[in-house]
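Overview (structure and organization)
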Amino acid sequence: MHSSVTTTSQASDSSAVSKVINSLMIRGLDQVSLRVTISEIRRDVLKQLGVSYAGLGPNASGGFGSGVSALNITNPFAVNGALGNSATIGWTMGGEKLTATLNAFEQEGVSRTLAEPTVTAVSGERAKFLAGGTIPIPASENCTSGVCQLSFVQQPYGVTLNFTPVVLSQGRIQLRVATEVTDIDYSKQLNIGNTSIPGFRTRKNETTVELPSGGSIVSAGLISTQSATAVTGLPGLMNLPVLGSLFRSRDYQRQETELLIIVTPYIVHAVDPKEISRPDQNFTDASDPQGWFLGRVNRIYSSSGGLRPMPNYTGRVGFITD
């Protein structure tokens, strides 16, 4: 009876040692591709209207110039400065001259900015994208023996994207994203001697969100409206009900900006190289006769008016009926 129990124990130990379960799982780091759409519409309106006068008399004792030898009434534009489009009317009588200058200007402009960058980074790593450039601006001035020299630094402008993705679980992504749009604003530039220092207009957006793969977050409502109006004229006469417009100038400016940012993260998967198409695929330079007589820069294989098969093409075409 004792030997029977001993045999069973040995068999049980042998079975326990032979069964080994490997629970280790080795996987690569997840990668996240971020697609960002930045769209901006900017509208600018400028309006100017003003009248200035200049007069000369023959002497300072009589006629139009009695008591004064010259008359000069200038109504400047305080917001934008004189932008042009002026008309001058003059009267000359008996050596006395009077000139009236009418300045009128109106401009409406619309600017559209669209950027769609795509950046890929490993989970937990930081990535940066810049679509724009740099412009040199003065940083400091060094003077030696009476000779001064400016030193410059490169100021970036354009669309800047910084993001750090962290894959939490299958299909869930924590995203820290910072978007910055910087434009050069020459209307705010500063002139020092012969050097012009432009101004910059910047819009920033920084946030941390959790999204599924393929989900989007939209940052909207980034609307900015700025308007300025200035009226300059001769005191007293500029306030007359109707004739006051002949003795004053009006300068008006309005700027409206609307910015929209759409961010969509994707967990990256490998694709077949055949599924990737290049921008220059199927592009061929135009032949010399097409360039000379038709003004074309690329070859056109067929048109709606005269369809013809593409040369050297192999593959199935037409309809397939099962």
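Bear in mind the structure is a predicted one, so any value in this text is a computation, not a measurement.

This brings us to the overall build of the protein. Helix and strand content of the protein: 2 helices and 11 strands. The N-to-C order of helical and strand elements in the protein reads α-β-β-β-β-β-β-β-β-β-β-β-α. Considering only contacts within the protein whose residues lie at least 6 apart along the sequence, 65% involve residues at least 24 apart.

So, on to a nonpolar patch on the surface. A surface patch of nonpolar side chains, about 430 Å² in accessible area, is lined by Leu-237, Leu-240, Val-242, Leu-243 and Leu-246. Looking at the secondary structure, you find Leu-237 in the loop between strand 10 (217–233) and strand 11 (248–267). With relative accessibility at 33%, the residue Leu-237 sits in the partly exposed group.

Here we come to the sheet that holds strand 6 (residues 127–144). Hydrogen bonds along the backbone pair up the strands of a sheet, which may run parallel or antiparallel. What the 4 strands build is an open sheet, ordered 6-7-8-9; its pairing is antiparallel. For this open sheet the edge positions go to strand 6 and strand 9 (195–212), each flanked by a neighbour on one side alone. Ignoring strand direction, the axes of neighbouring strands in this sheet form an average angle of 20°. Relative to strand 9, strand 8 (residues 172–192) runs antiparallel, the two being bridged by 17 bridges. Residue pairing in the sheet places Asp-185 in a bridge with Gly-199 of strand 9.

For the rest of this paragraph, the subject is the packing of aromatic side chains. In total, this model carries 1 aromatic pair according to the counting rule given. For the ring pair Tyr-53 and Phe-247, a centre distance of 5.8 Å and an interplane angle of 35° mean the geometry is tilted. Residue Tyr-53 is found in strand 1 (residues 31–56), and its partner Phe-247 is found in the loop between strand 10 and strand 11; the two are separated by 194 residues along the sequence. Both residues of the pair, Tyr-53 and Phe-247, belong to the buried class. Here the guanidinium or amino end of Arg-35 rests over the ring plane of Tyr-266, the centre of that ring lying 4.7 Å away.

Here we take up the confidence of the model for the protein. The pLDDT averaged across the protein works out to 77; a share of 79% of its residues lies at or above 70. When pLDDT is averaged over each element of the protein, helix 2 (residues 288–293) comes out on top at 87 and helix 1 (residues 2–18) at the bottom at 48. Confidence drops under a pLDDT of 50 for residues 60–66, and excluding neighbours within four residues, the segment shows 16 contacts in the predicted structure.

Moving on, we get to the pairing of strand 6. In regular strands, side chains alternate between the two faces of the sheet. Note that strand 6 and strand 7 (residues 147–169) share 17 bridges and pair antiparallel. Its bridge partner being in strand 7, Cys-143 is matched across the sheet by Cys-148. Where strand 6 folds back on strand 7, the antiparallel hairpin that results is connected by 2 residues, among which Ser-145 adopts a positive phi of roughly 55°.

Tallied over the full model, the rule gives 6 salt bridges. Residue Arg-203 is joined to Glu-40 by a salt bridge in which the shortest nitrogen-to-oxygen separation is 2.3 Å. Pair noted here: Arg-203 is in strand 9 and Glu-40 is in strand 1, with a separation of 163 residues, a long-range link. The same class applies to Arg-203 and to Glu-40, which are both buried. In this structure, Asp-183 engages Arg-42 in a salt bridge whose closest nitrogen and oxygen atoms are separated by 3.5 Å. Placement of Asp-183 in strand 8 and of Arg-42 in strand 1 is noted, with a sequence separation of 141 residues between them. The class for Asp-183 is buried, based on a relative accessible area of 17%. The exposure class of Arg-42 is buried, given its relative accessible area of 14%. Through salt bridges with shared partners, a single ionic network connects Glu-40, Arg-42, Asp-183 and Arg-203.

Criteria and thresholds
Residues numbered from 1 in each chain as written. Predicted model: local features only at pLDDT ≥ 70, side-chain atom pairs only at ≥ 80, totals over all residues. Heavy atoms only, no water. Helix = DSSP H or I, 4+ residues; strand = E, 2+ residues; numbered from the N terminus. Contact = heavy atoms within 4.5 Å. Patch = residues over 30% accessible without salt bridge, like charges linked within 9 Å, V, L, I, M, F, W, Y side chains within 5 Å. Areas by Shrake-Rupley, 256 points an atom, 1.4 Å probe, with all protein chains shown as cover. Salt bridge = Lys/Arg side-chain N within 4 Å of Asp/Glu carboxyl O. Buried < 20%, exposed > 50% of the residue type's maximum accessible area, 1.4 Å probe, protein only. Pairing = 2+ DSSP bridges. Axes fitted to C-alpha atoms, helices over the stretch in contact; angles between N-to-C directions. Phe/Tyr/Trp six-rings, centres within 6.5 Å; stacked < 30°, edge-to-face > 60°. Lys NZ or Arg CZ within 6 Å of the ring centre and 35° of its normal. pLDDT = per-residue confidence, 0-100.

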